[in-house]
Structures are given as C-alpha cells and as structure tokens.
Amino acid sequence: MRVRATIVAKLTRALEPDELEVIDESHLHAGHAGAREEGESHFRVRIISPAFAGLGRVARQRLVYRALAEDMASDIHALAIDARAPGETR
C-alpha cells in the first residue's frame, strides 16, 4: 500500500481534489511486462478537481503525470486516468 498511499498524498497536495479514488489493478497484470512480483505497479485514478476546469483531456493528464513524475519513473508502470472538473459527467 506504500505506492498507492504516495499517489493519494501527491495528488491531494498538487490538485486539491473534491474526489479521489486510486485503485491498485496490479493483480490484473500479474506476469505481464512491468508487473512487479510485490504488486503496486498498475493503477487506475479517478479524480475530480477544480484544477481541471477549462482544460482538455491531455492537459488534465499532464497535471496528474507532473504530480507523479518521480513515481512514474520508478514505482508506477501503468496509470489509467479519469480526470474531471466538478459537475462533469462521462
């Protein structure tokens, strides 16, 4: 739970989300490239933040990746992102 906790802390600090869900999906990728035996390598993030208002999908993802840059270079192999501004639905 160390990597997941780091993701939560960094996204909370950087983007002050109204809602944040970080799901460890590493078990779905066991045996695949980039999957570590101990897990915590593949995550799905659902985040709603005022920081995303007026931004397109790519700009939103860049904000998330910027907040997690150090971890993307080491601990996180894959990150699926659902980033929305408050009031948006998909």
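A. Just the overall build of the protein chain, in detail. Looking only at helices and strands, one finds 3 helices and 3 strands in the protein chain. Listed N to C, the secondary structure of the protein chain is α-β-β-α-α-β in terms of helices and strands. Expressed as a percentage of its 90 residues, the buried residues of the protein chain come to 36%. Approximately 5400 Å² of the protein chain is accessible, and the part contributed by carbon and sulfur atoms is 50%.

B. Local environment of unusual backbone geometry. Phi at Glu16 is positive, roughly 40°, even though this residue is not glycine. Secondary-structure assignment places Glu16 in the loop between helix H1 (2-15) and strand S1 (19-24).

C. Representation of the sheet that holds strand S3 (residues 78-84) in the model. Strand order in this open sheet of 3 strands is S1-S2-S3, and the pairing throughout is mixed. Whereas interior strands pair on both sides, the edge strands pair on one side only; in this sheet they are S1 and S3. Ignoring which end each strand starts from, the neighbouring axes of this sheet average 10° apart. Relative to S3, strand S2 (residues 42-48) runs parallel, the two sharing 7 bridges. Note on S3: the bridge partner recorded for Ile47 is Ala83. Each of S1 and S2 is contacted by H1, which is oriented at about 25° to S2, the strand it contacts most.

Cut-off values and rules
- Residues numbered from 1 in each chain as written.
- Predicted model: local features only at pLDDT ≥ 70, side-chain atom pairs only at ≥ 80, totals over all residues.
- Heavy atoms only, no water.
- Helix = DSSP H or I, 4+ residues; strand = E, 2+ residues; numbered from the N terminus.
- Buried < 20%, exposed > 50% of the residue type's maximum accessible area, 1.4 Å probe, protein only.
- Areas by Shrake-Rupley, 256 points an atom, 1.4 Å probe, with all protein chains shown as cover.
- Pairing = 2+ DSSP bridges.
- Axes fitted to C-alpha atoms, helices over the stretch in contact; angles between N-to-C directions.
- Contact = heavy atoms within 4.5 Å.

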